[in-house]
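In case you want the letters, here they are:
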Amino acid sequence: MKAIALFSGGLDSTLAMKLIIDQGIDVIALNIDIGFGSTKSRKEHMQNMCDQVGAELRILDIRDQYLKEILFNPKYGYGKNFNPCIDCHGNMFKIAKELMEPWGASFLISGEVVGQRPMSQRRDALDIVTDLSETEDILLRPMSAKVLPPTLPEREGWVDREKLLGITGRNREVQLKMAEEIGLKDFEKPGGGCLLTDENFSKKIEEFIKYDTLEVEDVALLKCGRHLRLPDGAKLVIGRHKEDNEMINAALTSKYKKIRLLNAVGPISAISANASQSDKELAAKLTATYGKTKSDEVYEVSVGDEVYKVTPYDSKEPAQKYFINA
């Protein structure tokens, strides 16, 4: 017997797999990459969780499909921010269902807990998700199974319903106690897994699509740095620290030009490739302002293949009016 688990890398989905694995069932932990996972959802962490409970990790990249079909036209709308959770979950379960036959699985599981999340885990929302994905009888939610109708795996005796849980609400005492009992280490604290639930990140998406079409390769740059919109319309991203600089450098596409200080320590920045001359000059000056520089000295800043000589502002206040996010 084998099951496919929708796996986020979080505590609930890890424990849900453990409950099923303990009943002698093989579990494939399917992480569906929509492109908006935070750094907490990195592959190393997910592999660590799977190793601890004995699941096999598989990652499926659906970023292109998600942008084209789900993110901007959700049938059931958004949560508090730019998160189409119900449509997103329905899409994930539909994909998992399609993988059951080729992967030799008999049913699906998830770590959802009734009432834990206000949009996607209300009792009625869970029913909508199963209807959307047509998984009503084959989708088992081990964490809340005892407060939900028995599914096919329970009725057929593949899974012992009495060994499952009946958790409801946002209190996580049961999960934390279970994690302690099984010796689970390095699990994530709740919240923050999907950047679409983050207010600041959602604002960056809303602002971006006023000027451009969001494509898969654009998302990486949205995840790092200070984001500014300059007077002539150019997008400027300035690194905050070393990790940001590395992320910006790795996320550069043909849409952007790289900016860096040539004779001082400072951030890596990125500016729209079609930026006007005045926006490029301003971007160079702002980049120098955020470096280890003095306002009474001249610095060389490269913007793509061009080099500008600029003096930094004497404070960071002039940059504030251009901020999309701080």
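What counts and what doesn't
Each chain carries its own residue numbering, running from 1 in the written order of its sequence. The model is predicted, so local features are restricted to residues of pLDDT at least 70 and side-chain atom pairs to those at 80 or more, both for listing and for counting; the totals for chains, interfaces and linings are taken over all residues. The side-chain numbers reported here are obtained from all heavy atoms of the structure, hydrogens and water having been left aside. Secondary structure counts use DSSP, requiring at least four H or I residues in a row for a helix and at least two E residues in a row for a strand, with both numbered from the N terminus. Residue exposure (1.4 Å probe, protein chains only): buried if accessible area is under 20% of the type maximum, exposed if over 50%, otherwise partly exposed. Any two residues having at least one pair of non-hydrogen atoms within 4.5 Å are treated as being in contact. Each accessible area value is a Shrake-Rupley result obtained with a 1.4 Å probe; residue values ignore everything except the protein chains displayed when judging cover. His residues and chain termini do not enter the charge count, which takes Lys and Arg as positive and Asp and Glu as negative. All charge positions are set by atom: Lys at NZ, Arg at CZ, Asp at CG, Glu at CD. Following DSSP output, two strands are said to pair if at least two bridges run between them. Here the axes come from fitting lines to C-alpha atoms, over the contacting stretch only for helices, and the angles between their N-to-C directions go from 0 to 180 degrees.

Would you take a moment to explain the overall build of the chain for this structure?
Tallying secondary structure elements over the chain gives 11 helices and 11 strands in all. Considered along the principal axes of its C-alpha atoms, the chain spans approximately 75 × 40 × 35 Å. Across the 326 residues of the chain, 51% fall into the buried class. For the chain, restricting intrachain contacts to residue pairs at least 6 apart in sequence, the fraction spanning at least 24 positions comes to 65%. Carbon and sulfur atoms make up 46% of the accessible area of the chain, which amounts to about 15,600 Å² in all. If you average the places of the 45 positive and of the 50 negative side-chain charges in the chain, the two averages end up 4 Å apart.

Would you mind going over the sheet that holds strand E8 (residues 256-261) with me for this structure?
For sheets, the rule is that strands pair by backbone hydrogen bonds, running either parallel or antiparallel. Strands sit in the order E6-E7-E9-E8-E10-E11 across an open sheet of six strands; the sheet is antiparallel. Looking at the sheet topology across the chains shown, the edges are occupied by strand E6 (226-229) and strand E11 (306-310). The sheet shows a mean angle of 25° between the axes of neighbouring strands, direction not considered. Pairing of strand E10 (residues 299-303) with E11 involves five bridges; the strand directions are antiparallel. From the neighbouring strand, Val301 faces E11, where its bridge partner is Tyr308. Sitting on the sheet, helix H11 (residues 277-289) touches E6, strand E7 (235-238), E8, strand E9 (269-272), E10 and E11, and the angle it makes with E11 is about 60°.

Can you walk me through the sheet that holds strand E4 (residues 107-110) in this structure?
Reading across the sheet, the five strands line up as E3-E2-E1-E4-E5 and stay open at both edges, with parallel pairing between neighbours. Strands at the two margins of the open sheet, each flanked by one partner only, are strand E3 (56-61) and strand E5 (139-140). In the sheet, strand E2 (residues 26-33) pairs with E3 via six bridges, with the strands oriented parallel. From the neighbouring strand, Ala29 faces E3, where its bridge partner is Leu57. On the sheet, helix H1 (residues 11-21) packs against strand E1 (2-6), E2, E4 and E5 and is oriented at approximately 140° with respect to E4.

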